[in-house]
Amino acid sequence: MSHGFDTLAIHAGQDPEARTGAVIPPIYQTSTYAQDAVGAPRLGYEYSRSGNPTRDALQECLAALEGGPVGLAFASGLAAEDTLLRTVCKPGDHVVIPDDAYGGTYRLFARVVERWGLDYTPAKVSDPDAIRAAVEPGRTRIVWVETPTNPLLGIADIAALAGVAHDAGALLVVDNTFASPYLQQPIAHGADVVVHSTTKYIGGHSDVVGGALVAADAGLGEELRYHQNAMGAINGPFDAWLTLRGIKTLGVRMDRHCDNAERIAAYLDGHAKVGQVIYPGLPAHPGHEVATKQMRRFGGMISFRAAGGEEHAVEICNRTKLFILAESLGGVESLIEHPGRMTHASAAGSPLEVPGDLVRLSVGIETVDDLLADLEQALG
């Protein structure tokens, strides 16, 4: 029997505990496990880096939500990305990345794996021809996209880019953090691996850091599992438990995030103090049609450009009272930030540098009229 998303979020990997009937999976806060005999670990558990029942419950749930056979949980989104790159690539290989990627992803490519010998080329993920032109036949191992991108909310046509990647013998990797599996399931459109910062919408409460990979192919998933253990950047049991708790309400939270974001985007659009609103749900967004095709709704992230330039953008960020000035996103509380000086400062001076007048909103689930009033006073 197939189940709906919200049913899977509550039940996948989360059967009542066998011994006591506990409805919520226990936190197996242990480093090691007693073995029944030499070489005979009980239920396969021997050491918690290699396997932990709480983490296994989360991994099974993540796989079910993204529609892949193997899900893996990591200490952070960047730990997941690093493990993926070093599993799939070798020195001398090449990756195509978004030309407005998350600053931490760009830093990983530009300051870490490039020194290891992995080359990369930024390209516009909303343009399949630009991605195709950036591919280096025989060298490109991964086409890496975010959709929506961070922070410019570009939309990639996942099915089209899957074709581009596969024609070149490369994998399509989709960072699905901004959408969450509730709004978008890249594997259903041809992606080979889905990446998440589970810190964001999946956890949803700004109280845990984590990352995830879900593979479309079981063989690749087992390779990733081997490297997860060998490299060791695993999600701890308490973090896994907190993330599972957050997943249970993912669907209902995302609907409220979307409701609020749609109202705020409409308010900002055409506001005298706003130069441009960037939100895939607006018909004027160049990726609106593609987003409509592959997303359930348009998400809780909005970016806009302050009409008064960079200093005005900074002032707006400093003036809000309900929107908390902070990095990260996807929690129940609304956040505001200046990407150029905060999350994307590492991209300054690079082809991925973001406009100085850009403001990014992570729209929470508060009463939307209160959020609108806060933006009105902050815009000045």
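Residues numbered from 1 in each chain as written. Predicted model: local features only at pLDDT ≥ 70, side-chain atom pairs only at ≥ 80, totals over all residues. Heavy atoms only, no water.

(A) Quick peek at the sheet that holds strand S13 (residues 335–337). Taken together, 5 strands build an open sheet; the order of strands is S10-S11-S14-S13-S12 and the sheet is mixed. Bordering the open sheet on either side are strand S10 (274–278) and strand S12 (324–325), each of which pairs with just one other strand. When S13 meets strand S14 (residues 358–362), the two strands line up antiparallel, connected through 3 bridges. When the sheet's bridge partners are listed, isoleucine 336 is paired in S14 with leucine 361. Its contacts with the sheet put helix H10 (residues 250–268) on S10, strand S11 (301–306) and S14, and the angle it makes with S11 is roughly 15°. This element, helix H12 (residues 310–319), spans S11, S12, S13 and S14 of the sheet and lies at about 130° to S11. (Pairing = 2+ DSSP bridges. Helix = DSSP H or I, 4+ residues; strand = E, 2+ residues; numbered from the N terminus. Contact = heavy atoms within 4.5 Å. Axes fitted to C-alpha atoms, helices over the stretch in contact; angles between N-to-C directions.)

(B) Here's a closer look at the packing of aromatic side chains. A complete count under the given rule lists 6 aromatic pairs for this structure. Where phenylalanine 238 meets tryptophan 241, the ring centres are 6.1 Å apart and the plane angle is 10°; that geometry is what we call stacked. With phenylalanine 238 and tryptophan 241 both in helix H9 (residues 237–247) and 3 residues apart, this pair spans about one turn of that helix. If you follow arginine 296 out to its NZ or CZ, it ends over the ring of tyrosine 182, 4.0 Å from the centre. (Phe/Tyr/Trp six-rings, centres within 6.5 Å; stacked < 30°, edge-to-face > 60°. Lys NZ or Arg CZ within 6 Å of the ring centre and 35° of its normal.)

(C) Structural context of the packing of helix H3 (residues 77–88) against helix H8 (residues 218–231). Where H3 meets H8, the closest approach of the two axes is 9 Å, and the angle between their N-to-C directions is 115°. Viewed along their axes, H3 and H8 form a crossing whose handedness is right-handed. On the side of H3, the interface is formed by Asp82, Thr83, Leu84, Arg86, Thr87 and Val88, while H8 contributes Leu220, Glu223, Leu224, His227, Gln228 and Met231. When the residues that make up the contact of H3 with H8 are grouped by side-chain class, the tally is 5 nonpolar, 4 polar and 3 charged. (Left-handed = near helix turned anticlockwise from the far one by under 90°. Nonpolar A, V, L, I, M, F, W, Y, C, P; charged D, E, K, R; others polar.)

(D) Local environment of H12. If you check which residues of H12 are buried, you get His312, Ala313, Val314, Ile316 and Cys317. If you follow the buried residues of H12, they end up packed against S11, S12, S13, S14 and helix H13 (368–379). (Buried < 20%, exposed > 50% of the residue type's maximum accessible area, 1.4 Å probe, protein only.)

(E) Summary view of the nonpolar core. Membership of the largest hydrophobic core comes to 60 residues, with the highest contact counts inside it found for Ile247, Ile264, Leu268, Ile302, Phe304 and Leu361. Considering each element in turn, this core owes the most residues, 7 residues, to H10. Those residues within four positions of isoleucine 264 in sequence are excluded, and the remaining contacts are Ile302, Phe323, Leu361, Val363, Val368, Leu371, Leu372 and Leu375. (Core = buried A, V, L, I, M, F, W, Y, C linked by side-chain atoms within 4.5 Å.)

(F) Here's a closer look at the side chain of threonine 199. Secondary-structure assignment places threonine 199 in the loop between strand S8 (193–196) and strand S9 (211–215). Looking at threonine 199, the relative accessible area reads 14%, which means it is buried. Only 3.0 Å separates the side chain of threonine 199 from the backbone nitrogen of glycine 210, close enough to count as a polar contact. Filtering out sequence-adjacent residues up to four positions away, threonine 199 remains in contact with Gly204, Val208, Val209, Gly210, Ser328 and Leu329. (Polar contact = N/O pair within 3.5 Å; in protein donor to acceptor, adjacent residues only side chain to side chain.)

(G) Up close: unusual backbone geometry. With an omega of -5°, the peptide bond running from threonine 147 to proline 148 counts as cis. With respect to the element layout, proline 148 can be found in the loop between strand S6 (140–146) and helix H6 (158–167). Look at the link from asparagine 150 to proline 151: it is a cis peptide, with omega at 15°. Among the structural elements, proline 151 can be located in the loop between S6 and H6. Phi at serine 328 takes a positive value of approximately 80°, unusual for a residue other than glycine.

(H) Structural detail: the environment of aspartate 127. Turning to its location among the elements, aspartate 127 is positioned in the loop between strand S5 (119–123) and helix H5 (128–134). For the pair aspartate 127 and alanine 110, spaced 17 residues apart in sequence, the C-alpha to C-alpha distance is 23 Å.

(I) Region of interest: the environment of cysteine 61. Along the chain, cysteine 61 falls in helix H2 (residues 53–66). As a C-alpha pair, cysteine 61 and alanine 12 span 49 residues in sequence and 4.8 Å in three-dimensional space.

(J) H9, seen in detail. What H9 keeps buried is the set Pro237, Ala240, Leu242, Thr243, Leu244, Gly246 and Ile247. At its buried positions, H9 is contacted by helix H1 (5–11), H2 and H10.

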